[in-house]
Amino acid sequence: MDIGTATILMVGAIFALLVTGLPLAFITGLVAMVFTFGWFGESALTLVTSRVYGFITEYSLVAVPMFVLMASLLDRSGIAKDLFNAMRVFAGRLPGGVAVQTIVVAFFLAALSGIIGGEIVLLGILALPQMLRLGYDKRLSIGVVCAGGALGTMMPPSIVLIIYGLIASVSIAELFTAAITPAVILMGSYIAYVLVRCLKNPALGPPLNESTQDNPFASRLDAVKAIVLPALIAFLVLGTIYGGIASVTEAAAMGVFGVLLAIVVRGEFAMGMLHHSLGQTMNTCGMIIWIGIGAATLVGVYNLMGGNRFVSGMILGLDVAPIVIILVMMAIMLILGLFLDWIGIAMLALPIFLPIVIQLGYDPIWFGILFAVNMQVSFLSPPFGPAAFYLKSVAPPDISLQDIYLSVLPFMAIQLCVLAALLMWPQLAIWPL
């Protein structure tokens, strides 16, 4: 059997097993073992296990559970709720103001945790009922919550960027620095879209009036005080990274300490909260690690079979401009995003694509930002976009999955436009480096 036939069989086996509903980690591990013994025999097993060992002993991976724990604690405290209510004071009587405020709060929450699912659930509980109560258009409200929650893939300390940095062996701090401008562009694009639509048709986002301006923060001074605490936590994490004071892993630990201290100061700490947060952290990180192990095994076997040389030769042999090859990679990952989550895509596609990207002379930091934006699109993409299922779990019963899928389409178009802009003008991402 040649490597081309083996590639087709391997890809076909993965998609066939996905239909059965088995977890991706078990699917990739099973396919890897079948091809290991079928192609090499037992002698190659030690080489595969050494690749897995290299993945799970990577020191920077420690940052992942720290940031997940930080996000879980924030979800269970009142910090995010107070931040949302404080921002409502500044929304004023602007048409679509509460939707704009929701996007800004989502941006702040992304800077605090970098966990996508938790953000959408939190915004679905806090912001969505509020916008619907104020008479906002249902689809606009749903789209704002899903797109705002997806900012966690871009805004440091993004778990997506941390995993990319581990796979690409590039500086995570540089990835964080490069991601800020595209994240701000995305946030600004969402806000511009909301404002244009609501200014043209105020019925989509009615401005607040005296009867709807119910807010626990009556004055702007009180609202500013509520914003200071999360701003300090974000500065504690990102400021220490950019200032060269701490590594990403150390900053993650400091972030957890900062959130715990804030919860204690607010009088909200309870052992039950800590217990549930630790449990959620273990579940999330367990999923990431198992998918990583399965994918690392599969990619290791495929590379031993000569798959990396086969794919590299096939792609580099195309008589097209290098940027077209990057576009093909983006298209492949967008298609994979219809069926797989971002962790699976990162573990399966990046080890094959990254050597080609570097060989073409492109900056892997820039490609990492493209990957993060691409994963934002996949996070919203039907039929398996995780954003829809996260929001559906907390949305009012009259909101269906079809409503959510239709609501996110304009925001997916915005994400694709930003992706195209980054492809045409790489300096949008790498200018601070």
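Up top is the structure these notes are about.
Only a predicted model underlies this, so the values are computations on that prediction, with no experimental measurement involved.

Colleague: Quick question: what am I supposed to make of the overall build of the protein here?
Modeller: Within the protein, the regular secondary structure consists of 20 helices and zero strands. Taking 22 Å as the expected radius of gyration for a compact globule of 433 residues, we find that the protein reaches 22 Å, a close match to that expectation. Counted over contacts in the protein with a minimum sequence separation of 6, partners at least 24 positions apart contribute 80%. Each charge sign in the protein was given a centre, from 15 positive and 18 negative side chains, and these centres are 12 Å apart.

Colleague: Is there a simple way to explain the nonpolar core in this structure?
Modeller: By size, the foremost hydrophobic cluster in this structure holds 156 residues, and its most contacted members are I163 and F367. Per-element accounting of this core gives the leading share, 13 residues, to helix α16 (residues 342–359). Once you skip the residues sitting within four places of it in the chain, I163 turns out to touch L61, V64, I288, W342, A346 and M347.

Colleague: Looking at this structure, how should I read the layout of surface pockets?
Modeller: A water-sized probe, rolled over the atoms, reveals where empty space remains. There is about 610 Å³ of room inside the second largest pocket. For the second largest pocket, the lining is made up of 23 residues, of which V11, I332, L336, L348 and I352 are closest to its centre. Those elements giving two or more residues to the lining of the second largest pocket turn out to be α1 (3–18), α13 (271–304), α14 (307–316), α15 (322–336) and α16. Top element by residues in the lining of the second largest pocket is α1. It accounts for five residues. A breakdown of the residues in the lining of the second largest pocket according to their chemical character gives 22 nonpolar, one polar and no charged.

Colleague: Looking at this model, I keep getting lost on the packing of helix α4 (residues 63–76) against helix α9 (residues 159–168). Mind explaining?
Modeller: Packed helices, taken two at a time, are described by the angle between their axes plus the distance between the axes. Two elements in contact, α4 and α9, have axes separated by 10 Å at closest approach and are oriented at 180 degrees. The orientation of α4 relative to α9 falls into the category roughly antiparallel. Contacts between α4 and α9 involve A63, V64 and F67 from the first element and I159, I162 and I163 from the second. Counted by class, the contact of α4 with α9 contains six nonpolar, no polar and no charged residues.

Colleague: Sorry, what's going on with the packing of aromatic side chains here?
Modeller: Aromatic ring pairs: the centre-centre distance and the angle between the two ring planes describe each pair. Taken as a whole, this structure holds five aromatic pairs when the rule is applied. A ring pair is formed by Y190 and F411, whose centres lie 5.6 Å apart and whose planes are at 65 degrees; its orientation type is edge-to-face. Of this pair, Y190 sits in helix α10 (residues 172–200) while F411 sits in helix α19 (residues 401–424), and the two are 221 residues apart along the sequence. On the accessibility criterion, F411 (1% relative accessible area) is buried. Among the aromatic residues, those joined into a ring-pair cluster are Y190, Y193 and F411.

Colleague: Would you mind showing me how to read the pattern of salt bridges here?
Modeller: Pairing of side chains with opposite charge becomes possible as their charged atoms draw close. For the structure shown, the criterion picks out two salt bridges. The shortest N-O distance in the salt bridge between D403 and K138 comes to 3.4 Å. With D403 in helix α19 and K138 in helix α8 (residues 138–149), the pair connects residues that are 265 residues apart, well separated along the chain. Judged by its relative accessible area of 30%, K138 is partly exposed. Put simply, E268 and R266 hold a salt bridge, and the shortest N to O gap is 2.9 Å. Classification of R266 as partly exposed rests on a relative accessible area of 28%.

Colleague: Teacher, can you tell me more about unusual backbone geometry here?
Modeller: Backbone geometry follows two general trends: most residues other than glycine have a negative phi, and most peptide bonds adopt the trans configuration. In this model, P156 is joined to P157 through a cis peptide bond whose omega is 10 degrees. Turning to its location among the elements, P157 is positioned in the loop between α8 and α9.

Colleague: Sorry if this is basic, but what is going on with α13 here?
Modeller: Its 34 residues give α13 an end-to-end C-alpha distance of 48 Å, which sits within 8% of 50 Å, the value for a rise of 1.5 Å per residue. Once α13 finishes, G306 follows within two positions and takes phi at roughly 95 degrees, a positive value.

Procedures and definitions
- Residues numbered from 1 in each chain as written.
- Predicted model: local features only at pLDDT ≥ 70, side-chain atom pairs only at ≥ 80, totals over all residues.
- Heavy atoms only, no water.
- Helix = DSSP H or I, 4+ residues; strand = E, 2+ residues; numbered from the N terminus.
- Rg over C-alpha atoms; globule rule 2.2 N^0.38 Å.
- Contact = heavy atoms within 4.5 Å.
- Lys, Arg positive; Asp, Glu negative; His and termini not counted.
- Charge placed at Lys NZ, Arg CZ, Asp CG, Glu CD.
- Core = buried A, V, L, I, M, F, W, Y, C linked by side-chain atoms within 4.5 Å.
- Buried < 20%, exposed > 50% of the residue type's maximum accessible area, 1.4 Å probe, protein only.
- 1 Å grid on protein atoms, 1.4 Å probe; cavity = no way out; pocket = protein on both sides within 12 Å on 5 of 7 lines; lining within 4 Å.
- Points joined across faces, edges and corners; volume = space filled by probe spheres on them.
- Nonpolar A, V, L, I, M, F, W, Y, C, P; charged D, E, K, R; others polar.
- Axes fitted to C-alpha atoms, helices over the stretch in contact; angles between N-to-C directions.
- Parallel < 35°, antiparallel > 145°, perpendicular 65-115°, else oblique.
- Phe/Tyr/Trp six-rings, centres within 6.5 Å; stacked < 30°, edge-to-face > 60°.
- Salt bridge = Lys/Arg side-chain N within 4 Å of Asp/Glu carboxyl O.
- Expected span 1.5 Å × (residues − 1).

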